[in-house]
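Residues per chain are reported as follows:
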Amino acid sequence: MLAIMEAGREVLVTPSRPYHTRSGESRMPTGHYTRKSEFERFMQFVSPEPMSGCWLWFGAANQNGYGVVRAHGKSYLAHRLSHELFKGPIPTGLHIDHLCRTPACVNPDHIEAVTCGENSRRGNVYEVNRVLQLLKTHCPQGHPYLGDNLVEVPCPRISTGINRICRTCRNKRAREWARRERQRNGSNHRS
Ligand SMILES: [Zn+2]
Ligand SMILES: [Zn+2]
């Protein structure tokens, strides 16, 4: 057992077993990381997508493709928690609209608190963009939107809407992100 301070009070934690990082490495927890802040727990499920700038959620999701996460002892939609973490509380009665039309996206720059009316008016504009997107056969790096390389994310607001993601680029970006996170965490620990 070791003792750490959390929110001004001492908490006992048991050093846990080795854990596996997303890239498959086995590492021992340092004790500092046995308990993570809400922000750290949130960010560990996020992978930025290079083409769209979306932060794709790799944690649990509901049947509509929206990420779900527990925080502060209750269940949140991940994009709503993103708004609270990065932009502050969501005003009462407002909905969170995805400007990028990607339900799995939790990039605070891609979401906005809007009234219900604004939310549905925007749908028409994005439907046009979506048709254009479906005409593309390759990602900007030249990988085909075909077979295993094509990841399709359904859009809940438009019945035929689909977001197309290149798996090769997404995985590459996720690996780079994990490497940067390891470097960042590593340098924190040495201090
Ligand atoms: Zn997005
Ligand atoms: Zn690609």
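Cut-off values and rules
- Residues numbered from 1 in each chain as written.
- Chains lettered and ligands numbered in written order.
- Predicted model: local features only at pLDDT ≥ 70, side-chain atom pairs only at ≥ 80, totals over all residues.
- Helix = DSSP H or I, 4+ residues; strand = E, 2+ residues; numbered from the N terminus.
- Contact = placed C-beta atoms within 7 Å.
- Pairing = 2+ DSSP bridges.
- pLDDT = per-residue confidence, 0-100.
- Buried ≥ 20, exposed ≤ 12 C-beta atoms within 10 Å, placed from the backbone.
- Core = buried A, V, L, I, M, F, W, Y, C linked by C-beta atoms within 7 Å.

**Description of the overall build of the protein chain**
- A count of helices and strands for the protein chain gives four helices and 12 strands.
- Nonlocal contacts in the protein chain, meaning residues at least 24 apart in sequence, comprise 46% of its contacts between residues at least 6 apart.

**So, the pairing of strand 7 (residues 68-71)**
- In this sheet, strand 8 (residues 74-77) lies alongside strand 7 in antiparallel orientation, the contact comprising four bridges. Counted as the bridge partner of Ala71 is Lys74 from strand 8.
- If you look at the hairpin formed by strand 7 and strand 8, you'll find two residues sitting between the two strands, and His72 has a positive phi there, around 50°.

**Observations regarding the confidence of the model for the protein chain**
- Averaged over every residue, the pLDDT of the protein chain is 76; residues scoring 70 or more account for 66%.
- At the level of individual helices and strands, the protein chain shows its lowest average pLDDT in strand 2 (residues 9-13), which scores 45, and its highest in strand 6 (residues 55-57), which scores 92.
- Note that residues 1-16 has pLDDT below 50 and, in this model, 21 contacts with residues that lie over four places away or in other chains.

**Section: helix 2 (residues 78-87)**
- Ala78, His79, Leu81, Ser82 and His83 are the residues of helix 2 that are buried.
- Among the structural elements, helix 1 (38-43), strand 6, strand 7, strand 8, strand 9 (95-98) and strand 10 (111-114) are those in contact with the buried residues of helix 2.
- In the stretch just after helix 2, Gly88 is the one whose phi turns positive, near 105°.

**Observations concerning the nonpolar core**
- Core analysis: the largest hydrophobic core is formed by 13 residues, its most contacted members being Trp55, Leu56, Trp57, Ala78, Cys105 and Val106.
- No other element matches strand 6, which puts three residues into this core.
- Those residues in contact with Ala78, other than ones at most four positions away along the chain, are Trp57, Gly59, Tyr66, Gly67, Val68, Val69 and Val106.

**Remarks on unusual backbone geometry**
- The phi dihedral of Arg101 falls on the positive side, at around 60°, and the residue is not glycine.
- Position of Arg101 relative to the elements: it lies in the loop between strand 9 and strand 10.

**Details of the environment of Ser82**
- Mapped onto the elements of the fold, Ser82 is located in helix 2.
- Overall, Ser82 belongs to the buried group, with 25 C-beta atoms counted inside 10 Å.
- Among residues more than four places away in sequence, those in contact with Ser82 are Val106, Pro108 and Ile111.

**Details of the environment of Ala60**
- Within the element layout of this structure, Ala60 appears in the loop between strand 6 and strand 7.
- Separated by 17 residues in sequence, Ala60 and Leu77 place their C-alpha atoms 9.9 Å apart.

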